[in-house]
Amino acid sequence: MSAVEEDRTLSPVTGWTREHWVAAADDLLLAVRPWATPGFGRIDLPGEPARAGWVSDGLEGFARTFLTAAFRVAGAGGDDPHGHLSHYRRGLIAGTRTPGADDAESWPFIRSVRVAGQPMVESASIALGLDFTREWLWDTLSADEQDRVEAWLRDSLRHEPAPNNWYLFPMSVASFLTGVGRGDAETERAISRALDLLEGWYRGEGWYSDGDGAMFDHYVGWAMHLYPVLYAHLRSDQPDVTELGKRFGARLHEFLGTFALTFDGNGAPLHQGRSLTYRFAAASSLAMGAVTGSTPWSPGVSRSLLSGSVKYFLDRGATTAGVYSRGWHGPHPGIVQPYSGPASPYWLSKAFTALLAGPDHPLWTATEEPVPAHGPAATTPIAPAGWLVQSTPDGLVRVHNHGSDHHRPGGHAGADPLYDRLAYSTRTGPTSARNVAENSVVVGERGFDGIRNAFEPLGTGPGWAASRHHPEFSGTELPQSRVLSLVLARGAWEVRVFRFDAVPAGAPVTVTGWALAADRPDGLRDDVRPDAVTVTAEGLQSRLHAVTGFDRADVVRAPAGTAYGAWALVPRLRGTVGTGPAVVVACLSADDPGAAPEVVADGARIGVLFSDGARAEVTLDADRPRVEW
């Protein structure tokens, strides 16, 4: 990164100021320039193409980096010392001169999600970039050039999006066209359609699902909140948008109250859900909240969270020669989706919405304050998502997942490590789908393992969360079988309770704990006892021990590793289904977690005494569990 001295007086948490953000944006944009086509119509970054093909990938490189340029220049009031917009102006003209042509510059047509639909995604970034830089770019185009850009963008209004956040892309295009005096019945339909769907996806407490079903991940922030709030922000001069702005702002405010708790004290976002290669895009809703005032957090906390997230990745090898790789720290194929091309990581541009706050904004002038994860140990339920957020003063954050399965109603999907695990954290990642699964409960039947694919949330509350799933097998069936999973969390400790309904007695059952990874096998150590396993890596410890229902303990290798290391170990307990529930104690810690909780299981009642004196009692009723503290 360009040399900017840290300011530990203004920014005692991260050292970063607004100047660091400007430098990070400039570095990003200058690093991709050599990969642009001669007319700058596409930016063809190196690497294997996504399923949409390399031409679409080149458009993606243009559109997503253009978003960074737009936020950087707009936030500086048009000041553009590196001439970023002049390059994107050339590219805009070159790309829309002959769309669909077989040449080095032309953009592909926007079509349905079912037929080469990726350009629809990129149209939103281009529209937003034009919206924020209107006076310095759009207004300098000739009438014919503007018409060609509009013609290309309008195809996003005429084709089918994916049944999720994609509907917000035509909305953003329609918003821009309306803002430059080119709105009509077609743009109105695109906007009203998206807003109507958004209401149907709202689940309360500031949380949306990314489409029908229970789809909660970073898309809630970087899509379901970002686009509607930007729409209200950009079209605030329209009377009918004023009330929408208040509604979206209030929802963003409430969302950030819990979402911010999922960031590690070291700046890392939660490692869960798809498209994780967008990295610090996860912080974009925090930026939007700070810019618009729709946040419960002070400017000092907001900046600590934002700067910490960007710095986290830049300090850990996210770029090579300034170009962002597909991965987490560095390249990591395990988190790359089929739709992710070499330029896909540049949706991280969304975090640069922070630059819309000018130099005199409190976001940049306030003194940084500690982030929530560095506070006292806490557990916070997020009922709409079926999540329980667990944090400790070492800054480590864990999220127990009993509500987000990314399973569309009526659909079918196999195992998905990014959604089907019992828990995720900010310092561990899921193992590969072809390796043993960490943080899982698995029932076996005739040599097949039942996966936790779609599950029913059973509630959350102070210190607990629960769900139920029907084990899904490949090639066999267990009619009416259900597995109830419940977690109690306090401090760094977890008590996990499982009940097996309509599962044959004697069926094999396996429970795994937190996977730890390292670059080499000798970076990990393990201690295996008859009823307990401990795995340690530099700075982390994972424990798992049986209370009831398990008679064997071991550690399993995961040679495909995780995003945190090329090779991983997973603690495992094995047993058989009996007449009562199975109970285990687990722990992921960076500091000394203290003594493990004492657990007594008596049929359907489980009593727990934590080391700080807190007591909890679980009663496994027929339908829903009851937890009393």
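Relevant structure appears above.
Attention here is on the structure that accompanies the text.

Criteria and cut-off values
Every residue gets a number counted from 1 within its own chain, in the order that chain's sequence is written. Selection of residues for local features in this predicted model requires a pLDDT of at least 70, selection of side-chain atom pairs for listing and counting requires 80 or more, and totals for whole chains, interfaces and linings are taken over all residues. Side-chain numbers come from the whole structure's heavy atoms, not from hydrogens or water. Helix and strand definitions here come from DSSP, where helices need a minimum of 4 consecutive H or I residues and strands a minimum of 2 consecutive E residues; each element is numbered from the N-terminal end. Any residue with an atom within 4 Å of a point lines the site, the site being either a cavity, points on a 1 Å grid over the protein atoms alone where a 1.4 Å probe fits but cannot get out, or a pocket, an open set with protein on both sides within 12 Å along at least 5 of 7 lines. Grid points are joined across faces, edges and corners, and a volume is the space filled by probe spheres set on the points. Burial classes: relative accessible area under 20% of the type maximum marks a residue as buried, over 50% as exposed, and values in between as partly exposed (1.4 Å probe, protein chains only). Contact criterion: two residues are considered in contact whenever any of their non-hydrogen atoms come within 4.5 Å of each other. A pair of strands is treated as paired once DSSP finds two or more bridges between them. Note on definitions: angles span 0 to 180 degrees between N-to-C directions of axes, and those axes are lines fitted to C-alpha atoms, for helices only across the stretch in contact. Pairs of N or O atoms within 3.5 Å make up the polar contacts considered here, provided that, within protein, one atom can donate a hydrogen while the other can accept it, and that residues adjacent in sequence are counted only when both atoms are side-chain atoms. Each nonpolar core is a collection of buried residues, namely Ala, Val, Leu, Ile, Met, Phe, Trp, Tyr and Cys, held together in the definition by side-chain atoms within 4.5 Å.

## Topic: the environment of aspartate 237
Phase 1 of the analysis: Of note, aspartate 237 is situated in the loop between α8 (219-234) and α9 (239-259).
Phase 2 of the analysis: With 31 residues separating them along the chain, aspartate 237 and alanine 268 place their C-alpha atoms 37 Å apart.

## Remarks on the layout of surface pockets
Phase 1 of the analysis: The space that makes up the largest pocket amounts to roughly 790 Å³.
Phase 2 of the analysis: The wall of the largest pocket is formed by 32 residues, among which Arg51, Asn164, Arg274, Tyr339 and His406 lie closest to the centre.

## Notes on helix α10 (residues 284-292)
Quick reminder: α-helices carry 3.6 residues per turn. Residues three or four places apart thus point the same way.
Phase 1 of the analysis: A large share of α10 lies buried, amounting to eight of its nine residues.
Phase 2 of the analysis: Turning to α10, its buried residues are Ser284, Ser285, Leu286, Ala287, Met288, Gly289, Ala290 and Val291.
Phase 3 of the analysis: Contacts from the buried residues of α10 go to α8, α9, α11 (299-314) and α12 (362-365).
Phase 4 of the analysis: Positive backbone phi, at 80°, marks glycine 293, one or two positions downstream of α10.

## Topic: the sheet that holds strand β12 (residues 464-469)
Phase 1 of the analysis: Across the sheet, which stays open at both edges, the eight strands sit in the order β11-β12-β13-β14-β22-β19-β18-β17 with antiparallel pairing between neighbours. With one partner strand each, in any of the chains shown, β11 (455-461) and β17 (524-529) form the two edges of the open sheet. Recorded for the sheet is a direction-independent mean angle of 15° between the axes of neighbouring strands.

## Looking at the pairing of strand β14 (residues 493-501)
Phase 1 of the analysis: Of all nine residues making up β14, eight are buried, and the element is well covered by its neighbours.
Phase 2 of the analysis: Note that strand β13 (residues 482-490) and β14 share nine bridges and pair antiparallel. Residue pairing for β14: leucine 486 is matched across the bridge by valine 497.
Phase 3 of the analysis: As judged from the six bridges shared by β14 and strand β22 (residues 582-589), these two strands associate in the antiparallel manner. Directly across from valine 497, in β22, lies its bridge partner valine 583.

## What about the side chain of aspartate 554?
Phase 1 of the analysis: Turning to its location among the elements, aspartate 554 is positioned in strand β20 (residues 552-558).
Phase 2 of the analysis: Here the side chain of aspartate 554 touches arginine 572 through a polar contact of 2.6 Å, side chain to side chain.

## Concerning the nonpolar core
Phase 1 of the analysis: Counting residues in each nonpolar core, the largest one holds 135 residues, and the members touching the most others are Trp21, Ile126, Leu130 and Phe352.
Phase 2 of the analysis: Setting aside residues up to four positions removed in sequence, tryptophan 21 forms contacts with Trp16, Leu306, Ser307, Val310, Ala351, Phe352, Ala354, Leu355 and Trp364.
Phase 3 of the analysis: Listed in part, the 34 residues of the second largest apolar core include Leu396, Leu422, Val443 and Ala546.

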